[in-house]
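Remarks on the overall topology
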Amino acid sequence: MSTPTLLAVAHGSKDPRSARAVAALFDRVRSLRPGLDMRVCYLDHVSPSTEDALAALDAEGAEEAVVLPTLLTAAFHSKVDLPQVLAGARERGLGVRVHYADTLGPHPLLLEAVEQRLSEAGASPSPGTALVLASAGSSDPEANATITAIARELAWRGPWREVVPAFASAASPTPGEAVAELRARGAERVAVSGYLLAPGFFSDRVRRQATEAGASVVADALGDMPELARVVLDRYDAAVAVRHAGV
């Protein structure tokens, strides 16, 4: 039985920093498993598109692929956009058998990545420091509820003064509102972690709003953290295990 190709599907951005961060992440993944055929494609803005990547695999005679939504929460892109792309490819005669992996988050290793980015920025849990966990935000309430649950988990791992979620779009509070509210409640310091895969539009918005509202520290996007590379392979291996169980 052949080893399925890993086809990672990232969102894509007009900001070139985003694609560079995704490429760096998968360079790290390749270093962990050098024998694995691994491709990266995008839903929007960046080439190759998911449709083109699937067509290329088909033309090469690939038998199977694990499609990995390279996203930190399950929301519209993983629940609707990407399944529609896959359904369209099948209707056009796609011969590659596709196994759909879970999104990267939520995953316990991502909490470690968040904490490491905060440490690199000079923030550590303490009773005098509050933390804002800022995501891009979604129109999907389940995705936003996931961010709230992750904030609770970070609070439990603490000892932060408190941890609150924030959303750069589509939901509230915004990062600026969250920082201002924490300061109004007496937090000596407010650290902000962008629960974001790559730098770009949303990371810039989080940093700008948080800084203007008085945040002491704003950590970088997660990017090519070793923990993310391990999550990628964990999701891939889980999809392959399901595929083995079903044959």
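See the structure shown above.
The rules behind the values
- Residues numbered from 1 in each chain as written.
- Predicted model: local features only at pLDDT ≥ 70, side-chain atom pairs only at ≥ 80, totals over all residues.
- Heavy atoms only, no water.
- Core = buried A, V, L, I, M, F, W, Y, C linked by side-chain atoms within 4.5 Å.
- Buried < 20%, exposed > 50% of the residue type's maximum accessible area, 1.4 Å probe, protein only.
- Helix = DSSP H or I, 4+ residues; strand = E, 2+ residues; numbered from the N terminus.
- Contact = heavy atoms within 4.5 Å.
- Expected span 1.5 Å × (residues − 1).
- Arc of directions from axis to C-beta.
- Pairing = 2+ DSSP bridges.
- Axes fitted to C-alpha atoms, helices over the stretch in contact; angles between N-to-C directions.

With that settled, consider the nonpolar core. F26, V29, L118, L133, L154, Y195 and L228 are the most contacted members of the largest nonpolar core, which totals 48 residues. Top element by residues in this core is helix α8 (residues 226-245). It accounts for eight residues. Every residue in contact with L154, bar those within four places of it in the chain, is listed here: L111, V114, E115, L131, L133, W160 and V163. Core analysis: the next-biggest nonpolar cluster, separate from the first, contains 18 residues, A130, A168, A187 and A215 among them.

A few words now on helix α1 (residues 16-32). Look at α1: 25 Å from first C-alpha to last across 17 residues, which is about the 24 Å you get at 1.5 Å a residue. Among all positions in α1, only S18, A21, V22, L25, F26 and V29 are buried. Angularly, the buried residues of α1 cover 125° about the axis, an arc narrow enough to put them on a single face. Every exposed residue of α1 that faces more than 90 degrees away from the buried side is listed here: P16, R20 and S31.

One open sheet holds the four strands; their spatial order is β6-β5-β7-β8, and the pairing between them is parallel. Of all strands in the sheet, those bounded by a partner on one side alone are β6 (163-167) and β8 (217-219). Neighbour to neighbour, the strand axes of the sheet diverge by 25° on average, direction disregarded. Bridge analysis of strand β7 (residues 189-194) against β8 gives three bridges, and the strand direction is parallel. Paired with S193 across the bridge in β8 is A219. Lying over the sheet, helix α5 (residues 141-157) contacts β5 (129-135) and β6, oriented at roughly 155° with respect to β6. Of the strands in this sheet, β5, β7 and β8 are in contact with helix α7 (residues 201-212), which crosses β8 at around 170°.

To continue, consider unusual backbone geometry. Put simply, G105 and P106 share a cis peptide bond, and its omega is 0°. If you trace the backbone, P106 turns up in the loop between β4 (97-100) and α4 (108-121). Here the bond from S172 into P173 is cis, since omega is 5°, no more than 30 degrees from zero. As for its placement among the helices and strands, P173 is situated in the loop between β6 and α6 (175-184). The backbone phi angle of H45 is positive, close to 70°, even though this residue is not glycine. On the basis of relative accessibility, which here comes to 44%, the residue H45 falls in the partly exposed class.

These values are about where atoms sit, not about what they do.
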